[in-house]
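If you want the building blocks of each chain, they are given just below.
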Amino acid sequence: MGPIKHKALINVDLGEGYGNLKCGPDEELLPYISQANVACGFHSGDPLIMQSTVRLCKEHDVAIGAHPGLPDLQGFGRREMKLQPEELTAITVYQVGALKGFLDREGVPLNHVKPHGVLYGMMCRDYTVAQAVMKGIPKGIPVFGLAGTQMEKAAQDLGVEFWAEMYGDVKYSADGMLVIDRIKK
């Protein structure tokens, strides 16, 4: 086998620390990925981490997307919450807007949105949740999601470009749905 000439199209969640807590080998992964999903403060990430993650991604020419989650720092966005559709739209706008502020300062475009954790799972199962989150995504920005789910249907119905993905590090149920553990194993 000859040398690899191109990066694989791999998206990775980055910036998922808080304060002095570092979560994951962000710097070590950057040379090998094409897209980063940057935590936007509700499940993890804080302003300084977001800023440094954006700068690191820019240095490595990695496309940057927003990684909004439920307002659940203590549970790392892995505890399901019952929020009204307008709340889901608003928390998406808020988190994407926070990341967009850092992107604008660095002259880097927002490449995509990829919901985090249990919010992603809720969107796969519940059309109303998926639709509410999609309404918070800026026009013209694609969303990563699981094919064949309510998330894909809501994206199509609302005219949001949908990029189907698969996970290499998450379990799937017999019906092809993701199994989001409350505590990642």
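Residues numbered from 1 in each chain as written. Predicted model: local features only at pLDDT ≥ 70, side-chain atom pairs only at ≥ 80, totals over all residues. Heavy atoms only, no water.

### Brief notes about the pattern of salt bridges
For step 1, the next point in the chain: A full pass over the atoms with the stated rule returns 9 salt bridges.
For step 2, the next point in the chain: Taking the shortest distance from any N to any O, the salt bridge between Glu-27 and Lys-22 comes out at 3.1 Å.
For step 3, the next point in the chain: Of the charged contacts in the structure, one is a salt bridge between Lys-153 and Asp-157, with a shortest N-O distance of 3.0 Å. Here Asp-157 and Lys-153 lie together in helix α6 (residues 150-158), a separation of 4 residues that amounts to about one turn.
For step 4, the next point in the chain: With a relative accessible area of 40%, Lys-153 lands in the partly exposed category.
For step 5, the next point in the chain: Linked through salt bridges whose partners overlap, the residues forming this network are Arg-55, Lys-58 and Glu-106. (Salt bridge = Lys/Arg side-chain N within 4 Å of Asp/Glu carboxyl O. Helix = DSSP H or I, 4+ residues; strand = E, 2+ residues; numbered from the N terminus. Buried < 20%, exposed > 50% of the residue type's maximum accessible area, 1.4 Å probe, protein only.)

### Digging into the pairing of strand β5 (residues 143-146)
Consecutive residues of a regular strand have side chains that alternate between opposite faces of the sheet.
For step 1, the next point in the chain: Alternating positions in β5 separate into two faces, Val-143 and Gly-145 on one and Phe-144 and Leu-146 on the other, with burial throughout.
For step 2, the next point in the chain: Of the crossover connections in this fold, the one passing from β5 over α6 to the parallel strand β6 (residues 162-165) is right-handed. (Right-handed = clockwise from strand over helix to strand, strands pointing away.)

### Some details on the packing of aromatic side chains
For step 1, the next point in the chain: Counted by the stated rule, this structure contains 1 aromatic pair.
For step 2, the next point in the chain: Aromatic pair Phe-144 and Trp-163: ring centres 5.3 Å apart, planes at 70°, arrangement edge-to-face. Taken together, the positions of Phe-144 in strand β5 and Trp-163 in strand β6 put the pair 19 residues apart, joining distant regions of the chain.
For step 3, the next point in the chain: Look at Phe-144 and you get buried, because its relative accessible area is 5%.
For step 4, the next point in the chain: We classify Trp-163 as partly exposed; its relative accessible area is 25%. (Phe/Tyr/Trp six-rings, centres within 6.5 Å; stacked < 30°, edge-to-face > 60°.)

### A closer look at unusual backbone geometry
For step 1, the next point in the chain: Even without being glycine, Asp-61 reaches a positive phi, approximately 55°.
For step 2, the next point in the chain: By the secondary structure assignment, Asp-61 is in the loop between α2 (47-59) and β3 (63-67).

### Concerning the packing of helix α3 (residues 85-106) against helix α5 (residues 127-134)
For step 1, the next point in the chain: Two elements in contact, α3 and α5, have axes separated by 7 Å at closest approach and are oriented at 40°. Crossing hand, α3 versus α5: right-handed. Where α3 abuts α5, its residues Pro-85, Leu-88, Thr-89 and Thr-92 lie against Thr-128, Val-129, Ala-132 and Val-133.
For step 2, the next point in the chain: A class-by-class count of the residues in the contact of α3 with α5 yields 5 nonpolar, 3 polar and no charged. (Axes fitted to C-alpha atoms, helices over the stretch in contact; angles between N-to-C directions. Left-handed = near helix turned anticlockwise from the far one by under 90°. Contact = heavy atoms within 4.5 Å. Nonpolar A, V, L, I, M, F, W, Y, C, P; charged D, E, K, R; others polar.)

### Thoughts on α3
For step 1, the next point in the chain: Along its 22 residues, α3 runs 32 Å from first to last C-alpha, staying within 8% of the 32 Å computed at 1.5 Å per residue.
For step 2, the next point in the chain: Restricting attention to buried positions, one finds in α3 the residues Leu-88, Thr-89, Ile-91, Thr-92, Gln-95, Val-96, Leu-99, Phe-102, Leu-103 and Glu-106. Seen along its axis, α3 keeps its buried residues to an arc of 165°; they face one direction. For α3, the exposed residues set more than 90 degrees away from the buried face come down to Glu-86, Tyr-94 and Arg-105.
For step 3, the next point in the chain: Elements in contact with the buried residues of α3: β2 (35-39), α2, β3, β4 (110-113), α4 (117-125) and α5.
For step 4, the next point in the chain: Once α3 ends, the next one or two residues include Gly-107, with phi positive near 70°. (Expected span 1.5 Å × (residues − 1). Arc of directions from axis to C-beta.)

### Comments concerning the environment of Glu-16
For step 1, the next point in the chain: In this structure, Glu-16 sits in the loop between β1 (11-14) and α1 (26-29).
For step 2, the next point in the chain: Overall, Glu-16 belongs to the buried group, its relative accessible area being 9%.
For step 3, the next point in the chain: For the pair Glu-16 and His-43, spaced 27 residues apart in sequence, the C-alpha to C-alpha distance is 8.1 Å.
For step 4, the next point in the chain: In this view, Glu-16 contacts Cys-23, Ala-39, His-43, Ser-44, His-67, Phe-76 and His-116; residues no more than four positions away in its chain are not counted.

Honestly, that's just the spatial picture; any functional story needs more than this.
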